[in-house]
Amino acid sequence: MKIAVTGATGYVGSRLSEFLREHSHEVLALSRRPVEAPWAAYTLGDDPDLLPWYGVDVLIHLAYDFTARNWQEILDRNVNPSIALFQAARRAGVRHLIFISSLSSFEGCRSDYGKAKLMIEKEVMRLEATVIRPGLVWGKQSGGVMGTLETLVARLPVVPYLAGGNGLAQYLVHEEDLARAILVMLEKFPEGVPHPVTIANPTSLTLRAILRTIATRTRGKRLFVPAPWQFAMVVLKTAEMLGVKTLFRSDSLTGIVHGNPDADFSGVPAGLSCRPFC
């Protein structure tokens, strides 16, 4: 199959593209930065009808613009361009559409990231797209939120971890297990799936347990100190108002603290499993 992947230079996008190529599929990378050919320049907001859709069988959309800070910017840079991308792909005859959402997306979610993903989910499912909600993605050299946690453990001898709240337990998925799950969805469900599919290990872990495991993986001795999440939120929002760059965004913290209280694993295809975090 010829598979177009947005965000192909990002952490998950690059790992997924490599996995698909290893399994004999042609990947058309859609990204701002050039990568291994075939490649087409694409940034969310570009005219999607101008993309080289000829011969493309599948669209997998991962790209997200995290520079958008307020809700209007999120709509303009992420929600509306993502919907337009799927509409253009369907007009071009792309037969299988996959949207990589997030476990932060669910009815009643509080983070802007989760709300944006949920809006996109609802629109693209009208186009019979498959929606996949992965947990926190990890690997040998993680990116995203997990990469930030690994950086904190690597840099700090005393590592604060968030305490309090009801949503601090997280579900994780290894990068290879996520890529394999996506490939299975392509091969077993060519017509798409009518409901979001959660891809993660079904055993949740607290942030403290995740950080301790990271320290064990790096063979480092660290002192872990609880910190109220409310205090961390104030620090992050103050830094953002002052224009100070931080490793973590306040909206990401919102998504962690007010996480999905009832992750649904019922739609996972038979035979698919995700390894525990280790």
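Conventions used here
Residues numbered from 1 in each chain as written. Predicted model: local features only at pLDDT ≥ 70, side-chain atom pairs only at ≥ 80, totals over all residues. Heavy atoms only, no water. Helix = DSSP H or I, 4+ residues; strand = E, 2+ residues; numbered from the N terminus. Expected span 1.5 Å × (residues − 1). Bend = angle between axes of the 7 residues up to and from the residue. Contact = heavy atoms within 4.5 Å. Polar contact = N/O pair within 3.5 Å; in protein donor to acceptor, adjacent residues only side chain to side chain. Salt bridge = Lys/Arg side-chain N within 4 Å of Asp/Glu carboxyl O. Buried < 20%, exposed > 50% of the residue type's maximum accessible area, 1.4 Å probe, protein only. 1 Å grid on protein atoms, 1.4 Å probe; cavity = no way out; pocket = protein on both sides within 12 Å on 5 of 7 lines; lining within 4 Å. Points joined across faces, edges and corners; volume = space filled by probe spheres on them. Nonpolar A, V, L, I, M, F, W, Y, C, P; charged D, E, K, R; others polar. Patch = residues over 30% accessible without salt bridge, like charges linked within 9 Å, V, L, I, M, F, W, Y side chains within 5 Å. Areas by Shrake-Rupley, 256 points an atom, 1.4 Å probe, with all protein chains shown as cover. Right-handed = clockwise from strand over helix to strand, strands pointing away. Phe/Tyr/Trp six-rings, centres within 6.5 Å; stacked < 30°, edge-to-face > 60°.

## What to know about helix 2 (residues 71–91)
Taking 1.5 Å per residue as the helical rise, helix 2 with its 21 residues ought to reach 30 Å, and the 28 Å between its terminal C-alpha atoms agrees with that figure. Most pronounced at P81, the bend in helix 2 amounts to some 30 degrees. Buried residues along helix 2 sit against strand 1 (2–6), strand 4 (58–61), strand 5 (96–100) and helix 3 (112–125). Sitting at the head of helix 2, N70 places a side-chain oxygen 3.2 Å from the backbone nitrogen of Q72. Where helix 2 terminates, the next one or two residues include G93, which has phi positive at roughly 90 degrees.

## Topic: the pattern of salt bridges
Under the criterion given, the structure shown has 10 salt bridges. Between E176 and R180 there is a salt bridge, with the nearest N and O atoms lying 2.8 Å from each other. Here R180 and E176 lie together in helix 5 (residues 175–188), a separation of 4 residues that amounts to about one turn. R275 is the salt-bridge partner of D177, the closest N and O atoms lying 2.9 Å from each other. With a gap of 98 residues between them, D177 in helix 5 and R275 in the segment after helix 8 (250–257) connect regions that are remote in the sequence. A residue is classified by how much of its surface remains accessible, and D177, at 6% relative accessible area, is buried. Overlapping salt bridges bring together E176, D177, R180 and R275 as one network.

## Regarding the layout of surface pockets
A probe as big as a water molecule, rolled over the atoms, marks out the empty space that is left. The space that makes up the second largest pocket amounts to roughly 470 Å³. Contributing to the lining of the second largest pocket are 18 residues, with L152, P160, L162, A232 and F248 lying nearest its centre. In terms of residues, the lining of the second largest pocket owes the most to one element, helix 7 (residues 229–241), which gives 5 residues. Here the residues of the lining of the second largest pocket sort into 17 nonpolar, 1 polar and no charged.

## Side note on a nonpolar patch on the surface
A contiguous nonpolar patch, built from V158, L223 and V225 and spanning about 240 Å² of accessible area, is present on the exposed surface. Residue placement: V158 occurs in strand 8 (residues 158–163).

## Thoughts on the pairing of strand 1
With 5 of 5 residues buried, strand 1 is to be regarded as a mostly interior element. Regarding the hand of the β-α-β motif, the stretch spanning strand 1, helix 1 (residues 11–22) and strand 2 (residues 26–31) is right-handed.

## Let's talk about the packing of aromatic side chains
Using the criterion set out here, one finds 6 aromatic pairs in the structure. Here the aromatic rings of W138 and F277 are separated by 4.9 Å at their centres, their planes lie at 85 degrees, and the arrangement is edge-to-face. Of this pair, W138 sits in strand 7 (residues 136–138) while F277 is found in the segment after helix 8, placing the two residues 139 residues apart along the sequence. F277 shares its class with W138; the two are buried.

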